[in-house]
Structure formats: structure tokens, C-alpha cells
Amino acid sequence: MTKLTKAQKSRKRKNSEDQCSPCSSSKSSKTVKVSTASSNGSEPFPNFPRPTPEECRTVRDNLLAFHGFPKEFIKYRKQRSVNHDNGIGDENDDISVTESCKESVLDGLISTILSQNTTEANSQKAFASLKSSFPTWESVLAADAKLVEDAIRCGGLAPTKTSCIKGILSSLFQKKGNLCLEYLRELSIEEIKKELSCFRGIGPKTVACVLMFHLQRDDFPVDTHIFQIAKTLRWVPAAADVKKTYLHLNRRIPDELKFDINCLIYTHGKVCRECSRKGSDKPKKEHCDKLCPLLCQSSNAI
């Protein structure tokens, strides 16, 4: 076998690097771009055409007419109204902008953690109990874990959530020297995702919820209800999992509709078991009538 000289090896390595460089020919740049998108999973179904913008708007409008805008999300809509025009009126909206803006980003992150694997009512009780028991996040960090667990026990999984919360507070203090996440407001979505993902116990859905609700960014969290309804509507291929559904819907749903659709589908999924658990044998607490707007749209799309 012929041995390469040091100079030949250097030239070969340089040529190889040039082929992968964004500064090379347009054909090579295009190849790199496609490869990068494929490798990081940002386009899991590049040839899947749904949902279209028209379908998204129809779902938003139909669910809004069917349910009205969910009251529990009105305060977040008012926060977004400063920079977003979502086309929804202010009927029955009695929450002032001042009141809706009291929640800090760190408050939002902790409340999202407490909402995991429990009901909305229980998570709200846990958060209220935590805030009343400890006047500051610094006092939560300094407190014995058992005391924090007692404060949030009504929300379930108290030891796990306490460990997660205290871990976040400790990491944040070590990194920034204070317990404040307001600096995230100045970052891009990708930068925010990178920052929040560094905390142990923070997954993609929690990050997406903080982005959409507490940082007023255009992102689309995918929970169980939204995942099942996306499949019912055939907005993703049958083989899609939650992660790929999140990536695909964030690509396909127009930014200006993400917040509306997410809140409305989430609310609809809690009520309509026909949509969110199609084919399930589990007992149905409630369900829509035969005029369910999503089932009608799903049938028409077949």
C-alpha cells in the first residue's frame, strides 16, 4: 500500500473539509443544509403536506366557535397581545394586563414542572402552597427538601418534583449568581431551548410550554391530547411519535396560529374522548356530540 506524505495527507484532509464547508459551492452547501436538517430531526416528515395553513385556520375557527376561548388561558393571551394579533376578541375577558404580567419566567417554569402528571387544579394548589410557604425562591433553595415536599404534596410526585426544582434553583444560582430567568426574554428560541435544556429534569414539552405561555414565543407544545388529536386529524403520519409530531407541527402550523390552536386543541382533548382517545376502551367521562368539529373535519379530509 502506498504511504501518503505528510503534505499529501494535509491536502486530502483540507479537500475533505472544503466539501462540508458552507463556503464551498452552492451544490455542496445545499447538501450540507439538507443533511443537517435530517440529522437534527428538524424535518422528520419533509414530504408530508399536512396540516396546510388553511386546515389550521379552519380548526382554530371551528374550535373557537364550538368552545369559546378557554378562560384559563386568557391571561396568557393578554400577555401576547402586546406583540401578537391573534384575531380573537376580548369577550368575557376581565383580567387586566397588569395582573396577567405578574408571573416571572422562573415562576412559569416551576409552575410547569408542578403541572406534570397531575390535574390542573392540583398543580395550581401545589404552586400556591409553595409560594405561600416560601416567600422567595432563595428560601426554597435554602429549605430542607422535606419541607418543600410537604408544600407541594397535593400536586403528586412531591419528592421527584422537589428534587427537580431544587436542582434547577441550585444550577441557576451557580451559573448566574441569582435566581432569575428574565434574561431569557432577550434570547432567540433556539438559545432559550439550549439554556433550559441544561437543567436536569427539563424536557422538550416543558421547554415548549415556557416558550409559548411565559415567554410569548411562537412554539407548539405537544401533550397526550394534542398528540392523539393530531393523529386523528391525520396531521402526522401514523408512525409518528410525540417528538416527531412536535417537530413536524412546529414546521407546518403558521406561527400566528400556534398559540390559539394549542390552547383550543388542549381544551378540546380534555372534553372529547372520541377525538383524543379514538378507539380506546377506557371509560369516557365526557364526550362531544356527533357534530364534533374535529371529527367532522377528519372525515372530510379522508
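Residues numbered from 1 in each chain as written. Predicted model: local features only at pLDDT ≥ 70, side-chain atom pairs only at ≥ 80, totals over all residues. Heavy atoms only, no water.

- In the annotation of an unreviewed UniProt entry, the entry for the protein chain reads Dna glycosylase, and the organism field reads Nicotiana attenuata.

1. Concerning unusual backbone geometry
Okay, so step 1: Cis geometry marks the peptide bond from Arg50 to Pro51; its omega dihedral reads 0°.
Okay, so step 2: Along the chain, Pro51 falls in the loop between helix H2 (26-40) and helix H3 (53-67).
Okay, so step 3: Within the chain, Asn117 stands out as a residue other than glycine whose phi angle is a positive 55°.
Okay, so step 4: As for its position among the elements, Asn117 is in the loop between helix H6 (105-114) and helix H7 (120-133).
Okay, so step 5: The backbone of Arg234 sits at a positive phi, close to 60°, despite the residue not being glycine. (Helix = DSSP H or I, 4+ residues; strand = E, 2+ residues; numbered from the N terminus.)

2. Overview of helix H12 (residues 204-214)
Okay, so step 1: Extensive coverage of H12 is indicated by the burial of 9 of its 11 residues.
Okay, so step 2: Listed as buried for H12 are Thr206, Val207, Ala208, Cys209, Val210, Leu211, Met212, Phe213 and His214.
Okay, so step 3: Looking at the buried positions of H12, the neighbouring elements they touch are helix H4 (74-80), H6, helix H11 (189-197), helix H14 (242-252) and helix H15 (255-271).
Okay, so step 4: Trailing H12 by a residue or two, Gln216 shows a phi angle of about 55°, which is positive. (Buried < 20%, exposed > 50% of the residue type's maximum accessible area, 1.4 Å probe, protein only. Contact = heavy atoms within 4.5 Å.)

3. A look at the nonpolar core
Okay, so step 1: With 33 residues, the main nonpolar core has Ile110, Leu130, Trp137, Leu196 and Ile202 as its most contacted residues.
Okay, so step 2: Listed by contribution, the elements that provide at least two residues to this core are H6, H7, helix H8 (137-142), helix H9 (145-152), helix H10 (158-176), H11 and H12.
Okay, so step 3: Ignoring anything within four residues of it in the chain, the contact list for Leu196 reads Leu109, Leu184, Ile202, Val207 and Val210.
Okay, so step 4: Judged by nonpolar contacts, the second largest core, of 27 residues, contains Leu63, Ala208, Ala230 and Ile261. (Core = buried A, V, L, I, M, F, W, Y, C linked by side-chain atoms within 4.5 Å.)

4. Focus on the layout of surface pockets
Okay, so step 1: A volume near 1100 Å³ is recorded for the largest pocket.
Okay, so step 2: Surrounding the largest pocket, 33 residues form its lining, Phe73, Ser115, Glu120, Ser123 and Tyr266 being those nearest its centre.
Okay, so step 3: Broken down by secondary-structure element, the contributors of at least two residues to the lining of the largest pocket are H4, H6, H7, H12, helix H13 (224-232) and H15.
Okay, so step 4: The biggest single contributor to the lining of the largest pocket is H7, with 6 residues.
Okay, so step 5: Looking at side-chain class alone, the lining of the largest pocket contains 10 nonpolar, 14 polar and 9 charged residues.
Okay, so step 6: Of the pockets and cavities examined, the second largest pocket occupies roughly 610 Å³.
Okay, so step 7: What lines the second largest pocket is a set of 24 residues, among which Glu190, Lys193, Asp219, Tyr246 and Leu247 lie closest to the centre.
Okay, so step 8: For the lining of the second largest pocket, the secondary structure elements donating two or more residues are H11, H12, H14 and H15.
Okay, so step 9: No other element matches H14, which puts 6 residues into the lining of the second largest pocket.
Okay, so step 10: Looking at the lining of the second largest pocket residue by residue, the classes come out as 7 nonpolar, 8 polar and 9 charged. (1 Å grid on protein atoms, 1.4 Å probe; cavity = no way out; pocket = protein on both sides within 12 Å on 5 of 7 lines; lining within 4 Å. Points joined across faces, edges and corners; volume = space filled by probe spheres on them. Nonpolar A, V, L, I, M, F, W, Y, C, P; charged D, E, K, R; others polar.)

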